[in-house]
Amino acid sequence: QVQLVESGGGLVQPGGSRRLSCAASGSIFSINAMGWYRRAPGNQRELVAGITNNGSTTYADSVKGRFTISRDNARNTVYLQMQMNSLKPEDTAVYYCNADVQPWNGRRYDSWGQGTQVTVSS
């Protein structure tokens, strides 16, 4: 069983910055892609950013130039840096971490974290 634990959410003022972290633990042989998704009230969950195990990244158009995804493969951890002066009220959402996991035993599967709330408000 693999667990993903997110941290770093909270209340931030418009124009502020935040860094989300997500650490994977458990029976992990390898992790392929990792990513961040979000679900805003009344909306469907959407991809925010993704990163492969060799560092290739992809971003939603709405966050390009404002957010940066990175990962530490040695720690099975992925980060989402929301840059200073970039956060907007429309970024308010629950942010979920996702990992494409190959366990030591069994088949490759998607693992999800519980989510961390980010609220952008003055």
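Residues numbered from 1 in each chain as written. Predicted model: local features only at pLDDT ≥ 70, side-chain atom pairs only at ≥ 80, totals over all residues. Heavy atoms only, no water.

**Here we look at the side chain of T116**
Within the fold, T116 resides in strand β11 (residues 116-120). A polar atom in the side chain of T116 sits 3.3 Å from the backbone nitrogen of G9. In contact with T116, other than residues within four places in its own chain, are E6, G9, L20, A93, V94 and Y95. (Helix = DSSP H or I, 4+ residues; strand = E, 2+ residues; numbered from the N terminus. Polar contact = N/O pair within 3.5 Å; in protein donor to acceptor, adjacent residues only side chain to side chain. Contact = heavy atoms within 4.5 Å.)

**Observations concerning the sheet that holds strand β8 (residues 77-82)**
Pairing within the open sheet is antiparallel, and its 4 strands lie in the order β1-β3-β8-β7. Edge positions in the sheet fall to β1 (2-7) and β7 (67-72), since each of these pairs with one other strand and no more. Between one strand axis and the next, the sheet turns through 15° on average, direction left out of account. The pairing of strand β3 (residues 18-26) with β8 spans 6 bridges and is classified as antiparallel. Counterpart to C22 in the pairing with β8 is V78. (Pairing = 2+ DSSP bridges. Axes fitted to C-alpha atoms, helices over the stretch in contact; angles between N-to-C directions.)

**Some details on the environment of R45**
Relative to the helices and strands, R45 resides in the loop between β4 (30-39) and β5 (46-51). Taking the relative accessible area as the measure of exposure, R45 reaches 36% and is therefore partly exposed. Spatially, the C-alpha atoms of R45 and A93 are 9.4 Å apart, while their sequence positions differ by 48 residues. Leaving out residues up to four positions away in the same chain, R45 has contacts with Y37, R38, R39, Y96 and W112. (Buried < 20%, exposed > 50% of the residue type's maximum accessible area, 1.4 Å probe, protein only.)

**Focus on the packing of aromatic side chains**
Inspection of every chain in the model, using the stated rule, returns 2 aromatic pairs. Centroid distance F29 to W104: 4.8 Å. Interplanar angle 80°. Geometry classified as edge-to-face. Of the two residues, F29 is situated in the loop between β3 and β4 and W104 in the loop between β9 (93-102) and β10 (109-112); the sequence distance between them amounts to 75 residues. According to the relative accessible area criterion, W104 is exposed, its value standing at 57%. With a centroid separation of 4.9 Å and 65° between ring planes, the pair formed by Y37 and W112 is classed as edge-to-face. (Phe/Tyr/Trp six-rings, centres within 6.5 Å; stacked < 30°, edge-to-face > 60°.)

**What to know about the pairing of β8**
β8 sits mainly inside the fold: 5 of its 6 residues count as buried. In the sheet, β7 pairs with β8 via 6 bridges, with the strands oriented antiparallel. Note that in β8 the partner of I69 across the bridge is L80. Between β7 and β8, which pair antiparallel and follow one another directly, the connecting turn spans 4 residues, one of which, N76, has a positive phi of 50°.

**Points about the nonpolar core**
Judged by nonpolar contacts, the single largest core of 29 residues is most densely connected at W36, V48, F67, V78, L80, M82 and Y95. Every element with two or more residues in this core is listed here: β1, β3, β4, β5, β7, β8, β9 and β11. Discounting chain neighbours no more than four positions away, the residues touching Y95 are E6, L20, W36, Y37, R38, V48, F67, L80, M82, G115, T116 and V118. (Core = buried A, V, L, I, M, F, W, Y, C linked by side-chain atoms within 4.5 Å.)

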